[in-house]
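# Coordinate analysis (summary)
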Amino acid sequence: MFVQPPVSFNNPAPCLDDKQFGLGILANMAWLQSHGFEVDGIHIPLLLHHGSSADDAIALILKRSPMLVAIGLNWVHFSRGAIDTARRLRERRPHLPIVVGGQHAGLFAEEIASSNADCIDGVIRGEAEVPLLRLAECLANGQRIPSNVAGLHRSRSPALPPQVVDDLDSLPVYSYRSLNPPPLQADVGAISTTRGACPFSCAWCIEPVIGRMQGRSRLRFHSPDRIVDQIEALVQEGICRFTIQDNFFVGGDGNLAALAEALTRRGVRPNHLNIFAHPDSFTAHGMSALARCCDLGSIDYGVETGSTRVAAINNRRLDPNEVVERVATATSLGLEAYSWWMAGLPGEDEAALGETEELIARTMDAGCIPRWVSPLILFPKTDIHLHPDHYRVRRRFEGFADYAVFSDIKLAEAVMFSEAVAHETAEASRDGIAAAALRLRRFIVSNLHRLRRAYEGSPRVPDLALVEMRIRQSFM
Ligand code: B12
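What comes next is a walk through the structure.

Conventions and cut-offs
Residues numbered from 1 in each chain as written. Predicted model: local features only at pLDDT ≥ 70, side-chain atom pairs only at ≥ 80, totals over all residues. Heavy atoms only, no water. Helix = DSSP H or I, 4+ residues; strand = E, 2+ residues; numbered from the N terminus. Rg over C-alpha atoms; globule rule 2.2 N^0.38 Å. Buried < 20%, exposed > 50% of the residue type's maximum accessible area, 1.4 Å probe, protein only. Areas by Shrake-Rupley, 256 points an atom, 1.4 Å probe, with all protein chains shown as cover. Lys, Arg positive; Asp, Glu negative; His and termini not counted. Charge placed at Lys NZ, Arg CZ, Asp CG, Glu CD. Salt bridge = Lys/Arg side-chain N within 4 Å of Asp/Glu carboxyl O. Near = heavy atom within 4 Å. Polar contact = N/O pair within 3.5 Å; in protein donor to acceptor, adjacent residues only side chain to side chain. Nonpolar A, V, L, I, M, F, W, Y, C, P; charged D, E, K, R; others polar. Pairing = 2+ DSSP bridges. Axes fitted to C-alpha atoms, helices over the stretch in contact; angles between N-to-C directions. Contact = heavy atoms within 4.5 Å. Right-handed = clockwise from strand over helix to strand, strands pointing away.

Counting its regular elements, the protein chain contains 22 helices and 16 strands. Compactness check: the protein chain gives a C-alpha radius of gyration of 22 Å against a globular reference of 23 Å for 476 residues, within 12% of the reference. With the principal axes as the frame, the protein chain shows a C-alpha extent of 65 × 55 × 40 Å. Counting across all 476 residues of the protein chain, residues that qualify as buried make up 58%. Within the structure as shown, the protein chain displays about 19400 Å² of accessible surface, and the carbon and sulfur contribution to it stands at 51%. Placing the 48 positive and 55 negative side-chain charges of the protein chain at their respective mean positions leaves the two points 3 Å apart.

Shown next, in the form of structure tokens:
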């Protein structure tokens, strides 16, 4: 039994989205199923959303008499809910084996396993197919949880390193029908195209670290045909809008053109294909392949900052003129281009914020739609967290318990986000960082006329009212 826990049973309006179906859970379910195990999955936030109580959710899990419960803790904000779900299950069924897994759990595996030994049998660090299969086989044979499962941290015993399935394409395709209740948006699905460490080393990002921690030191890509297999399987489930939000962009034009070719060759035409990218990931070659292979293509660009000085401090390549040129190319090819920005980066002072505003304005003039401004969440094991003095940063959060504050904060409180800002820079206090995010969001709203002007007379005008509503909601 796989469980997507709530953010917290006491926080009905969490600061970050709680309705996602984690691809990691779906992948593990497909894997165990392909090895002959019966799998079931409960998405507690959706059950609560549809009116069930916490007790109903726990009772529903137990009613299925699972042999093993695996609770997903992939994102920071589910911290308290994951542990609380385990505790409620343990109170009702003391001998039921319970493990926790997912990316966030992996970051703090020892701490979680040792502080919650009363309700959790272990925490899986890393990719979980191999350890889960081993656990399922042992439990099915009437054995107890063995002490030598790859990646499984138990209180007091040292863990073996994670073990992964080497051939990525041999993993079975996953289904959005495996978790219940079904997703709120029935026609949208995310596609997993890569696993392993990101080759870039942006100082704030955990992705170079997390891939290695999960047991895969290099970034590995699914083949284009395997990605189309996954898309085809989801089309059968009624999904027609797809998003690729992982490190696919690292493969640049080559991988994008190969995917577009495979889709066209196999007669699979998504209504919408969305891809997350760095501004320099794709040239006109890759972008036109994307535009041709689906009804609507879109690219979400993580631009993050407009300051070349701040980008350099944080080991991120940035050429503002190139950013404008790339987003302009995207929109001229009929793609929707979106931009994402951050506040609170080391080195970000008044002048840098001004440069970010300038780049936001220039990209809007080119038709690129700002999606969001997020204060940096400083995660452990990132270069900034490891070397705060070098970046002139003060860390506010260290362990699992500190980061669990993300479970408590409500959406309305997160508007200022200050409690959850995990660091301070030499240039900005945590209130200053929250204020900087707000300033950039306000700047976007007061410059929406630029977008209207950019789309004047254009045959395909994006829903600018929706754009405005999203940004306005973030500070009202
Ligand atoms: C794609 C993605 C998303 C997609 C989600 C798509 C989806 N439906 O899952 C989107 C864009 C929506 C997203 C959003 C967010 N994300 Co995100 N995301 C990723 C990304 C790039 C890939 C994850 C992925 O799907 N991998 C493919 C699957 C198959 O692998 P996997 O997740 O590693 O899963 C394996 C193991 O972790 C484990 N596992 C996973 N789940 C479970 C569950 C159980 C029960 C068990 C036993 C094991 C297990 O087994 C899996 C298979 O081996 C990662 C970074 C990365 N490169 O991995 C960030 C990442 C996980 N996200 C991150 C963050 C912070 C967020 C946001 C909070 C951002 C924000 N500020 O809003 C939101 C919140 C998500 C939400 N719940 O709303 C952080 C997590 C850090 C943390 N400690 O919390 C990461 C590491 C990125 C980063 N650079 O900071 N994300």
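It is worth spelling out the pattern of salt bridges at this point. Summed over the entire model, instances satisfying the criterion amount to 33 salt bridges. We note a salt bridge from Arg216 to Glu127, for which the minimum N-O separation is 2.7 Å. Here the residue Arg216 occupies a position in the loop between α8 (207–213) and β9 (220–221), and Glu127 occupies one in the loop between β5 (122–124) and α7 (129–140), the gap between them amounting to 89 residues. As far as the burial class goes, Arg216 and Glu127 line up, both buried.

Right, let's get into the site of the ligand. For the ligand, the set of nearby residues contains 39 residues, the closest of which are Val76, Gln103, His104, Glu129 and Gln214. Here a nitrogen atom of the ligand sits 3.0 Å away from a polar atom, N or O, in the side chain of Glu207. Here a nitrogen atom of the ligand sits 3.0 Å away from a polar atom, N or O, in the side chain of Asn247. Of all the secondary structure elements, the ones that give two or more residues to the shell around the ligand are α1 (23–34), β3 (69–72) and α5 (103–107). Looking at which element gives the most residues to the shell around the ligand, the answer is α1, with 4 residues. For the shell around the ligand, the residue count by class is 17 nonpolar, 16 polar and 6 charged.

The subject of this paragraph is the sheet that holds strand β13 (residues 336–343). Reading across from one edge, β7-β10-β11-β12-β13-β14 is the order of the 6 strands in this open sheet, with parallel pairing throughout. On the outer flanks of this sheet lie β7 (188–190) and β14 (369–375), each paired with one strand and no other. Mean inter-strand twist for the sheet, computed between neighbouring axes without regard to direction, equals 20 degrees. Pairing between β7 and strand β10 (residues 241–244): 3 bridges, direction parallel. Bridge pairing in β10 places Ala190 opposite Thr243. Those strands touched by helix α13 (residues 320–332) are β12 (296–304) and β13, and its axis lies near 165 degrees from that of β12.

Among the secondary structure elements, Glu357 is positioned in helix α14 (residues 350–365). Note on Glu357: relative accessible area 14%, which makes it buried. Looking at Glu357, its side chain comes within polar contact range of the side chain of Arg439, at 2.9 Å. Ignoring any residue separated from it by four or fewer positions in sequence, one finds Glu357 in contact with Arg439, Leu440 and Phe443.

On to the pairing of β14. The sheet contact formed by β13 and β14 spans 6 bridges and is parallel. In the sheet register, Trp340 faces β14, and the bridge partner there is Trp372. For the crossover that starts at β13, traverses α14 and ends in the parallel β14, the hand is right-handed.

Taking strand neighbours across the sheet as the criterion, the 6 strands line up as β2-β1-β3-β4-β5-β6 in an open arrangement whose pairing is mixed. Among the strands making up the open sheet, the edge pair consists of β2 (41–43) and β6 (152–153). The pairing of β5 with β6 spans 2 bridges and is antiparallel. Its bridge partner lying in β6, Val123 is registered against His153. With respect to the sheet, helix α4 (residues 79–92) is in contact with β1 (2–4), β3 and β4 (98–101), its orientation differing from that of β3 by roughly 160 degrees.

Before going further, it helps to spend a moment on the environment of Arg472. Within the fold, Arg472 resides in helix α22 (residues 464–473). In this structure the C-alpha to C-alpha distance between Arg472 and Val445, which are 27 residues apart in sequence, comes to 7.1 Å.

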